[in-house]
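Commentary on secondary and tertiary structure
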Amino acid sequence: MVDKEFLIVANWKAYDKVARQEQTSAWLERFLVQFSQSPKVGVVICPPYHLLLFLRWLLEKNSASAISLGVQDLSQFSAGAHTGEVSAEMVQGLAEFAILGHSERRREAGETDERVTAKVKNALGAGIIPIVCLDEAYISSQIEDLKKAGLSLAEMVFAYEPVAAIGTGKPETVESAQKVAGEVKRQSGSRRILYGGSVAAQNAHHYLAQEAISGLLVGGASTDPAEFARIVASANL
Ligand code: PGA
């Protein structure tokens with residue numbers, strides 16, 4: 001999956017439009033009407049934890065195993081006495097990807113560079129590909145911390161997610177996204193840099209046309225299956 005040319009990732013966050021099983025079934029049914037599998041585009045859905053198993057079952061039932069699943073976070077701890085935590089081992093085999101260090105978690109859950117690094121380490125240990133979110137304010141410090149931990153950054157996906165563009169309907173300019181994604185690529189050595197922040201069907205192809213950008217992390221727009229299918233289709237243009 002990570003070898004695809006483009007990776008389009010849906011981050012369902014805690015949105016109430018896709019919070020229950022029946023909504024998830026309806027979402028998938030609608031999405032599959034428009035979705036046509038492509039060898040160059042990988043699609044990843046990151047639902048909340050409680051829908052992970054159900055969605056895996058739904059994908060199998062619909063013969064849609066070309067769609068991968070991810071989680072929106074992972075514990076900094078390994079398995080053990082950690083009430084309320086979900087460790088990487090617990091979702092091994094269920095999730096292929098994990099969004100880590102999202103700015104909403106930095107803001108609301110006190111996430112730090114060090115904690116994100118611990119989570120990345122756990123993810124890699126369980127064979128889960130981390131999608132490490134970065135805002136300009138901590139690109140260098142987070143990358144530095146990952147390097148200090150001796151981790152292989154080339155195996156990771158990074159998402160440049162400018163805080164001001166997330167959920168605001170004000171995406172970063174394409175020029176600036178390309179420039180900063182290029183910087184993330186240079187510092188990390190990873191080939192996989194996504195852009196995220198108010199991505200919609202009408203702007204997706206502009207970002208995907210940039211040399212340093214190899215995919216998208218989509219929040220709000222991913223809760224609408226027709227809109228998300230259009231975003232995925234724009235990677236095939
Ligand atoms: P948005 O969120 O698409 O709603 O701006 C992106 C994200 O937070 O990953």
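Summarised in this report is the structure supplied together with it. Note that the structure is a prediction, hence the values are computed from the model and not measured.

So, on to the pairing of strand S6 (residues 157–160). On S6, burial covers both faces: Val-157 and Ala-159 on one face and Phe-158 and Tyr-160 on the other are all buried. Relative to S6, strand S5 (residues 129–134) is paired through four bridges, and the arrangement is parallel. When the sheet's bridge partners are listed, Cys-133 is paired in S6 with Ala-159. On the question of chirality, the crossover connecting S5 to the parallel S6 by way of helix H6 (residues 139–148) is right-handed. Bridge count for S6 against strand S7 (residues 193–196) is three bridges, and the pairing is parallel. Of the residues in S7, the one forming a bridge with Phe-158 is Ile-193. As a crossover connection, the stretch from S6 through helix H7 (residues 174–188) into S7 is right-handed.

Among the ten residues of helix H9 (residues 225–234), eight are classified as buried, and the element is accordingly described as predominantly covered. Looking at the buried residues of H9, the elements they touch are strand S1 (6–11), helix H1 (21–34), strand S2 (41–46), helix H8 (204–208) and strand S8 (215–218). At the N-terminal end of H9, a side-chain oxygen is found 3.0 Å from the backbone nitrogen of Ala-226, two or three residues along, and the residue is Asp-224.

Below, the discussion takes up unusual backbone geometry. A negative phi angle characterises most non-glycine residues, just as the trans form characterises most peptide bonds. Although it is not a glycine, Ser-63 adopts a positive phi angle of roughly 50°. Topologically, Ser-63 is positioned in the loop between helix H2 (52–61) and strand S3 (67–71). Accessibility expressed as a relative area gives 65% for Ser-63, which makes it exposed. Of note in this structure, Ser-198 is not a glycine but carries a positive phi near 55°. Summarising the element assignment, Ser-198 is placed in the loop between S7 and H8.

Over the atoms rolls a probe the size of a water molecule, and its path tells where empty space is left. Of the volumes computed, that of the largest pocket is approximately 290 Å³. Taken together, 16 residues line the largest pocket, and the ones lying closest to its centre are Lys-13, Ala-14, Gln-72, Glu-104 and Arg-105. When residues of the lining of the largest pocket are assigned to their parent elements, the largest contribution, three residues, is made by helix H4 (residues 103–108). Here the residues of the lining of the largest pocket are counted per class, giving eight nonpolar, three polar and five charged. What lines the second largest pocket is a set of 18 residues, and nearest its centre among them are Gly-167, Gly-197, Ser-198, Gly-219 and Gly-220. Taken together, the residues of the lining of the second largest pocket break down into six nonpolar, ten polar and two charged.

Each value, and the rule that gives it
- Residues numbered from 1 in each chain as written.
- Predicted model: local features only at pLDDT ≥ 70, side-chain atom pairs only at ≥ 80, totals over all residues.
- Heavy atoms only, no water.
- Buried < 20%, exposed > 50% of the residue type's maximum accessible area, 1.4 Å probe, protein only.
- Helix = DSSP H or I, 4+ residues; strand = E, 2+ residues; numbered from the N terminus.
- Pairing = 2+ DSSP bridges.
- Right-handed = clockwise from strand over helix to strand, strands pointing away.
- Contact = heavy atoms within 4.5 Å.
- Polar contact = N/O pair within 3.5 Å; in protein donor to acceptor, adjacent residues only side chain to side chain.
- 1 Å grid on protein atoms, 1.4 Å probe; cavity = no way out; pocket = protein on both sides within 12 Å on 5 of 7 lines; lining within 4 Å.
- Points joined across faces, edges and corners; volume = space filled by probe spheres on them.
- Nonpolar A, V, L, I, M, F, W, Y, C, P; charged D, E, K, R; others polar.

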